[in-house]
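# Coordinate analysis (summary)
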Amino acid sequence: MSKLYGVPLSPMVRKVLLALELKQIDHELVPVTPFRKPEGFEKISPLKKIPAWEDDKVTLADSTVICEYLEDRYPERALYPQAPEEKAKARWFEEYADTVMLPVLGTVFFERVARKLVNQPADEVKVQEILQTKLPKTCAYLESEVPETDFLFGADLQLADIALATHFINLSHARVQVEPAEYPRLAAYIDRLFQHPAVAYRIAEDKKVFGGK
């Protein structure tokens, strides 16, 4: 059976999990944390990062590479738009999520949630700096980009949406919500994301780690 290496609380692992679930691809999740990797893991993931993927054809690392491979090999449930200009825009949103949202929203999650899971105190000064100076820039940009209805490229959830959703899930776990009064389009879009059955399932699975809270 195909194997995905990582843990679901990682936003990049969650991104691949959502793609796998939407495409209904059978797989085994092999628990690997960023802090405790098995011996020889670099043979699958040369940079020793999660997620990593292994099946009967390939071993791959990097969530974007894995998702593009899954799209090419299992095209029946498309996760990218077909028009070249829309596909390019979708890849841009994914890049924005991976390179801008991860260090901003991911740091808040790391400080408030990940540290707590290993009994370490959060650096709340760092968190507040991000919430006051960096997060508003991300929210303002996305407020100008997300649609008033549906998802980024129509009625179906696609990978660009997943790439954004996975970081907002972790932000929610860190007890931070996007304010509807300041960012009405973005807040409504996030609400639609969280209500999608696949995303709602992932959120519910995450909460089991926190004791259902």
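Before any of the text, the structure's been laid out above.
These numbers were taken from a predicted model, which means no experiment stands behind them. (Residues numbered from 1 in each chain as written. Predicted model: local features only at pLDDT ≥ 70, side-chain atom pairs only at ≥ 80, totals over all residues. Heavy atoms only, no water.)

## Quick word on the overall build of the protein
When you go through the protein residue by residue, the secondary structure sums to 7 helices and 4 strands. From first element to last, N terminus to C terminus, the protein shows the α and β order β-α-β-β-β-α-α-α-α-α-α. The C-alpha atoms of the protein give 17 Å as radius of gyration, which agrees with the globular expectation for 213 residues (17 Å, within 12%). Overall, the protein is about 50 × 45 × 30 Å in size when its C-alpha atoms are taken along their principal axes. Within the span of the protein, comprising 213 residues, buried residues form 47% of the whole. The long-range fraction of contacts in the protein, counting pairs at least 24 apart against all pairs at least 6 apart in sequence, stands at 67%. Counting only carbon and sulfur atoms, one obtains 53% of the accessible surface of the protein, whose full area is about 11000 Å². Taken as two groups, the 28 positive and 33 negative side-chain charges of the protein have centres that lie 6 Å from each other. (Helix = DSSP H or I, 4+ residues; strand = E, 2+ residues; numbered from the N terminus. Rg over C-alpha atoms; globule rule 2.2 N^0.38 Å. Buried < 20%, exposed > 50% of the residue type's maximum accessible area, 1.4 Å probe, protein only. Contact = heavy atoms within 4.5 Å. Areas by Shrake-Rupley, 256 points an atom, 1.4 Å probe, with all protein chains shown as cover. Lys, Arg positive; Asp, Glu negative; His and termini not counted. Charge placed at Lys NZ, Arg CZ, Asp CG, Glu CD.)

## A word on the nonpolar core
Among the nonpolar cores identified, the biggest contains 69 residues, and Phe168 and Leu186 are the most heavily contacted of them. Looking at which element gives the most residues to this core, the answer is helix α3 (residues 84-117), with 11 residues. The contacts of Leu186, once residues within four sequence positions are left out, are Cys139, Leu142, Glu143, Val146, Phe168 and Val178. (Core = buried A, V, L, I, M, F, W, Y, C linked by side-chain atoms within 4.5 Å.)

## Examining unusual backbone geometry
Leaving glycine out, the prevailing phi sign among residues is negative, and the prevailing peptide bond configuration is trans. Ile50 connects to Pro51 through a cis peptide bond whose omega is 5 degrees. With respect to the helices and strands, Pro51 occurs in the loop between β2 (28-30) and β3 (52-54). A positive phi angle, close to 55 degrees, is found at Asp150, a residue other than glycine. Of note, Asp150 is situated in the loop between α4 (124-143) and α5 (159-173). Residue class for Asp150 comes out partly exposed when judged on its relative accessible area of 38%. The phi dihedral of Arg175 is positive, around 65 degrees, even though this residue is not glycine.

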